[in-house]
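# Geometric and topological summary
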Amino acid sequence: PTTVSYVRATEKKELILIKDSPQESYYPDIIEQKKDFSGWGLSDAAAARVREALLDQKKVFIFVHRRGYGSGIMCGLCGFSPRCSQCDIPFVYHAAHGKRFLACHRCGEHIEPPSICPECRGYDFKVVSTGSEQIATRLSSEYGSDAVFRCDADALSDAQELASVQGFLSHQGPAVLIGTDRILK
């Protein structure tokens, strides 16, 4: 602390001094994703930090803003993106357990992804953005599914989410928990 802060804290009791600093492990690493994007959801720097932490037998929590495999699909030729017929918002792309589908996260409508673009008749659909499902799939293939836990509304019910978090915390050895804002509730 500055001299002024120290005097205020000790004499005027305006501030609280923390004499013992917390261990370094209490501070999370925050890595900017947009600067170094690898194309599969984690930047090269973030993937390296995950790898490093797992090699050091640590646990890793990855916060992801989107559930699903990707925020949608888009034709690579004309830019067409399927939208929900009820809500007129883009569908979210899911690819869990070998099942591919598009889902509206507002009304719950599900459809199969188109194989041919209705606008230009092209076949070149690409996944837009990255969701928790894609990151979990990639990390499971690299580190084994028993060390990767996913916690979001698509993957689990409330009871299953709690069990997943408990499994992550009690897991012996290194583990990764991928979660959306739902885990913070």
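Residues numbered from 1 in each chain as written. Predicted model: local features only at pLDDT ≥ 70, side-chain atom pairs only at ≥ 80, totals over all residues. Heavy atoms only, no water.

We now examine the nonpolar core. Judged by nonpolar contacts, the single largest core of 15 residues is most densely connected at Leu-42, Val-50, Val-60, Ile-62, Leu-139, Val-176 and Ile-178. Every element with two or more residues in this core is listed here: α2 (44–55), β1 (59–63), α3 (132–143) and β8 (175–179). Not counting residues within four places of it along the chain, the set of residues in contact with Val-50 comprises Leu-42, Val-60, Ile-62, Leu-139, Tyr-143 and Val-176. Core analysis: the second largest hydrophobic core is formed by eleven residues, Cys-75, Cys-87, Leu-102 and Cys-104 among them. (Core = buried A, V, L, I, M, F, W, Y, C linked by side-chain atoms within 4.5 Å. Buried < 20%, exposed > 50% of the residue type's maximum accessible area, 1.4 Å probe, protein only. Helix = DSSP H or I, 4+ residues; strand = E, 2+ residues; numbered from the N terminus. Contact = heavy atoms within 4.5 Å.)

Relative to the elements of secondary structure, Glu-133 occurs in helix α3. Assessed through its relative accessible area of 2%, Glu-133 is described here as buried. If sequence neighbours within four positions are ignored, Glu-133 has contacts with Gly-68, Tyr-69, His-94, Ala-95, Ala-96 and Arg-150.

Counting across every chain of the model gives one aromatic pair. Plain terms: the ring middles of Tyr-69 and Tyr-93 are 5.8 Å apart, the flat faces sit at 85° to each other, and that makes the pair edge-to-face. Placement of Tyr-69 in the loop between β1 and β2 (72–75) and of Tyr-93 in strand β3 (residues 92–94) is noted, with a sequence separation of 24 residues between them. (Phe/Tyr/Trp six-rings, centres within 6.5 Å; stacked < 30°, edge-to-face > 60°.)

All told, the structure shown has six salt bridges when counted by the stated rule. Arg-49 is the salt-bridge partner of Glu-52, the closest N and O atoms lying 3.9 Å from each other. Of the two residues, Glu-52 and Arg-49 both sit in helix α2, three residues apart, roughly one turn of that helix. In this structure Glu-52 comes out as partly exposed when scored by relative accessible area, which is 42%. The salt bridge involving Asp-124 is made with Lys-126; its shortest N-O contact spans 3.1 Å. A residue is classified by how much of its surface remains accessible, and Asp-124, at 28% relative accessible area, is partly exposed. Several salt bridges converge on common partners, so that one network encompasses Glu-133, Arg-150 and Asp-152. (Salt bridge = Lys/Arg side-chain N within 4 Å of Asp/Glu carboxyl O.)

So, about the environment of Ile-62. For Ile-62, the location among the structural elements is in strand β1. Judged by its relative accessible area of 9%, Ile-62 falls in the buried class. The sequence separation of Ile-62 and Ala-136 amounts to 74 residues, and the corresponding C-alpha distance is 9.7 Å. Sequence-distant contacts of Ile-62, defined by excluding residues within four places in its chain, comprise Leu-42, Val-50, Leu-139, Val-176, Leu-177, Ile-178 and Gly-179.

A few words on the confidence of the model for the protein. When pLDDT is averaged along the protein, the result is 79, and 74% of the positions lie at 70 or above. For the stretch residues 13–26, pLDDT sits under 50, and the model shows eleven contacts to residues farther than four places along the chain or on other chains. (pLDDT = per-residue confidence, 0-100.)

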